[in-house]
Amino acid sequence: MRNIMVTGGAGFIGSAFVRHMVKTYPHYNIITFDKLTYAGNLENLLTVKDAPNHSFAQGDIADREAVGATIEAHQIDTIVNFAAETHVDRSILDPDAFLRTNVFGVYVLLEQARSAGVGRFLHVSTDEVYGDVSEGYSVESDPFLPNSPYAAAKASGELMVRSYHVTYGMDTVVTRGSNTYGVYQYPEKLIPLFITEALEDRPLPVYGDGMQIRDWLYVDDHARGVDVVLHHGASGEAYNLAGEELRYNIDIVRQLLALLGKPESLIRYVPDRPGHDRRYAMDASKARALGWKRQHTLETGLPLTVEWYQNNAWWWRKIKTGEYLEYFKQQYAARLASARDQV
Ligand code: NAD
Ligand code: DAU
């Protein structure tokens, strides 16, 4: 392993992984390949901009020529694929880009990797492929029951990866991460959206009754988990990267407000997300057996995150303009108009 192409490396988790790899492995060359969609941001990579072992190429994983040229130019021997459309609500408004990137894009990447003789291919997947888990904890051999267009597209992409291992003998590994939070997360997801809205004393749109359960994982722990699986995962296997910190959404929201010193009167209950999964929960024993151990809990990770958004308004204020405001209006205007203060 020497020349590692990290697709989607300008996004939230991908950039944390790139920052981690550049610092931890000076003898690897890290090549970030990213389309720079609305969610991609080169400011996430400012700290590695001048690092001698990092370079950036702009491109689309669904574009054969761009992928092939980057593999060839950098003699890529390893691919780590974070590139995806990632927001469930956007997938409900318009699934098109989700199919293109999360399914067709993954296929193009696999095919280009195969024809160029790339070695290890790590694909970053999600706990959402298991669907709603009303009780217990998902293990890697559980069936896929995805419920949103986002989750279905991620499941399809992952199945393509599996097929390339079984059919062509490609050296693939898969990670399935749980809900990730932390610094540089695009402010459309629950935690950064609510922190940045609360900082401006704006209402916080909680979907349904707020009693959905998510399992929270700090972003640097997710990045380290991908590193561990990349180096030690068995070929053809998938690994759950679970925070193992299950919380009701409403409890996370209350905790954020307490950290920010803002009143609970900002909470609004709005019409639910269609097809909304009530609970995700995974068992992380298999990844732990490889040596992965998370370093943060919500008790340490949430204050770090709140503080970062308080101190880095320059980063998120620029994002909350233009296309973002259009999306926000489409997603929330009607919901907030019919909001209630109580369930
Ligand atoms: P993100 O939305 O912050 O970033 C996605 C990145 O991919 C952006 O930089 C974007 O420009 C890039 N991208 C999108 N389409 C592309 C394309 N066609 N070609 C090249 N680049 C493209 O996403 P994230 O939250 O960092 O998620 C990264 C990965 O982790 C995704 O595969 C996601 O499914 C998975 N995941 C996310 C979470 C989470 O809670 N955020 C949890 C588990 C798994
Ligand atoms: O579980 C892993 C997944 O986590 C990743 O695969 C996805 O890429 C990532 O976006 C995330 O999906 P979720 O849908 O769980 O995350 P989101 O931050 O959008 O929502 C978290 C919970 O909060 C969910 O139950 C919906 C709820 N929510 C979200 C928003 C944006 C609200 O109540 N109000 C909101 O405005």
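Residues numbered from 1 in each chain as written. Chains lettered and ligands numbered in written order. Predicted model: local features only at pLDDT ≥ 70, side-chain atom pairs only at ≥ 80, totals over all residues. Heavy atoms only, no water.

Student: I'd like a description of the site of ligand 1, backed by residues and values.
Tutor: In the vicinity of ligand 1 lie 29 residues, with Ile13, Asp34, Thr86, Tyr150 and Lys154 positioned nearest. Note that an oxygen atom of ligand 1 is positioned 2.7 Å from one of the backbone N or O atoms of isoleucine 13. Residue lysine 35 places a main-chain N or O atom 3.1 Å away from a nitrogen atom belonging to ligand 1. Against a free-state accessible area of 840 Å², the protein chains account for coverage of 96% of ligand 1. The biggest single contributor to the shell around ligand 1 is strand 5 (residues 121-126), with three residues. Here the residues of the shell around ligand 1 sort into 11 nonpolar, 14 polar and four charged. (Near = heavy atom within 4 Å. Polar contact = N/O pair within 3.5 Å; in protein donor to acceptor, adjacent residues only side chain to side chain. Areas by Shrake-Rupley, 256 points an atom, 1.4 Å probe, with all protein chains shown as cover. Helix = DSSP H or I, 4+ residues; strand = E, 2+ residues; numbered from the N terminus. Nonpolar A, V, L, I, M, F, W, Y, C, P; charged D, E, K, R; others polar.)

Student: Go over the layout of surface pockets with me, naming the residues and quoting the values.
Tutor: Empty space among the atoms becomes apparent when a probe as large as a water molecule is rolled across them. In this structure, the largest pocket encloses a volume near 260 Å³. Taken together, 16 residues line the largest pocket, and the ones lying closest to its centre are Arg162, Arg176, Gly236, Glu237 and Ala238. Mapped by element, the contributors of at least two residues to the lining of the largest pocket are helix 5 (149-168) and strand 6 (172-177). No other element matches the six residues that helix 5 contributes to the lining of the largest pocket. Grouping the amino acids of the lining of the largest pocket by side-chain chemistry returns six nonpolar, four polar and six charged. (1 Å grid on protein atoms, 1.4 Å probe; cavity = no way out; pocket = protein on both sides within 12 Å on 5 of 7 lines; lining within 4 Å. Points joined across faces, edges and corners; volume = space filled by probe spheres on them.)

Student: Explain the site of ligand 2 to me, and be specific about the residues and the numbers.
Tutor: Every one of the 24 residues lining ligand 2 counts as a neighbour, but Thr126, Asp127, Tyr150, Asn179 and Arg273 are closest to it. Here tyrosine 207 contributes a backbone N or O atom positioned 2.9 Å from an oxygen atom of ligand 2. Interatomic distance of 2.7 Å between a side-chain N/O atom of tyrosine 332 and an oxygen atom of ligand 2. For the shell around ligand 2, the secondary structure elements donating two or more residues are helix 3 (88-93), helix 6 (190-199) and strand 8 (204-207). The residue inventory of the shell around ligand 2, partitioned by class, reads 10 nonpolar, seven polar and seven charged. Two domains each put at least three residues into the shell around ligand 2: domain 1 (3-181 + 215-241) and domain 2 (190-213 + 248-278 + 298-337). (Domains from an automatic or database assignment.)

Student: Could you give me a rundown of empty space enclosed by the protein, with the residues and numbers involved?
Tutor: Taken as a whole, this structure holds two cavities of 30 Å³ or more when the rule is applied. Put simply, the second largest cavity is a space of about 40 Å³. Lining the second largest cavity we find Val88, Glu128, Ser148, Arg214, Arg273, Pro274, Gly275, His276, Asp277 and Tyr280. Residue classes in the lining of the second largest cavity are distributed as three nonpolar, three polar and four charged. Among the domains, domain 1 (3-181 + 215-241) and domain 2 (190-213 + 248-278 + 298-337) are the pair contributing at least three residues each to the lining of the second largest cavity.

Student: Give me the packing of aromatic side chains: which residues, what numbers.
Tutor: In the structure shown here, the tally under the stated rule is 18 aromatic pairs. Arranged with centres 4.7 Å apart and planes meeting at 55°, the rings of tyrosine 184 and tryptophan 308 form a pair that is tilted. Highlighted residues: tyrosine 184 in the loop between strand 7 (179-181) and helix 6 and tryptophan 308 in helix 10 (residues 298-311), separated in sequence by 124 residues. Like tyrosine 184, the residue tryptophan 308 is buried in the burial classification. If you follow arginine 90 out to its NZ or CZ, it ends over the ring of tyrosine 38, 3.7 Å from the centre. (Phe/Tyr/Trp six-rings, centres within 6.5 Å; stacked < 30°, edge-to-face > 60°. Buried < 20%, exposed > 50% of the residue type's maximum accessible area, 1.4 Å probe, protein only. Lys NZ or Arg CZ within 6 Å of the ring centre and 35° of its normal.)

Student: Please provide a residue-by-residue account of the domain arrangement of the protein chain, values included.
Tutor: Looking at the assigned domains, one finds that the protein chain contains domain 1 (3-181 + 215-241) and domain 2 (190-213 + 248-278 + 298-337). If you average the C-alpha positions of domain 1 and of domain 2, the two centres end up 26 Å apart. Taken together, the contacts link 17 residues of domain 1 with 23 residues of domain 2. Taken together, the two surfaces of domain 1 and domain 2 that pack against each other cover about 1,800 Å², and 54% of this comes from carbon and sulfur. Considering only the side of domain 1, the residues that lose the most area to domain 2 are Asp89, Tyr181 and Trp216, jointly responsible for 33% of the buried surface there. Viewed at the interface, domain 2 and domain 1 are joined by three salt bridges. Ionic pairing is found between lysine 318 and glutamate 43, a salt bridge with its closest N-O pair at 2.6 Å. One can count eight residue pairs in polar contact (both at pLDDT 80 or more) joining domain 1 with domain 2. Residue assignment for the side of domain 1 that touches domain 2 shows that the elements contributing at least two residues are helix 3 and strand 9 (213-218). Per-element tally for the side of domain 1 that touches domain 2: the top contributor is helix 3, with five residues. (Contact = heavy atoms within 4.5 Å. Buried area = accessible area lost by both parts, 1.4 Å probe. Salt bridge = Lys/Arg side-chain N within 4 Å of Asp/Glu carboxyl O.)

Student: Outline the pattern of salt bridges, listing residues and values.
Tutor: Should their charged atoms come close, side chains of opposite charge can pair. This structure, assessed with the given rule, holds 22 salt bridges. Between lysine 49 and aspartate 50 there is a salt bridge, with its nearest N and O atoms 3.9 Å apart. Each member of the pair, lysine 49 as well as aspartate 50, is classed as exposed. Notably, a salt bridge pairs glutamate 188 with arginine 90, separated by 2.7 Å at the nearest N-O pair.

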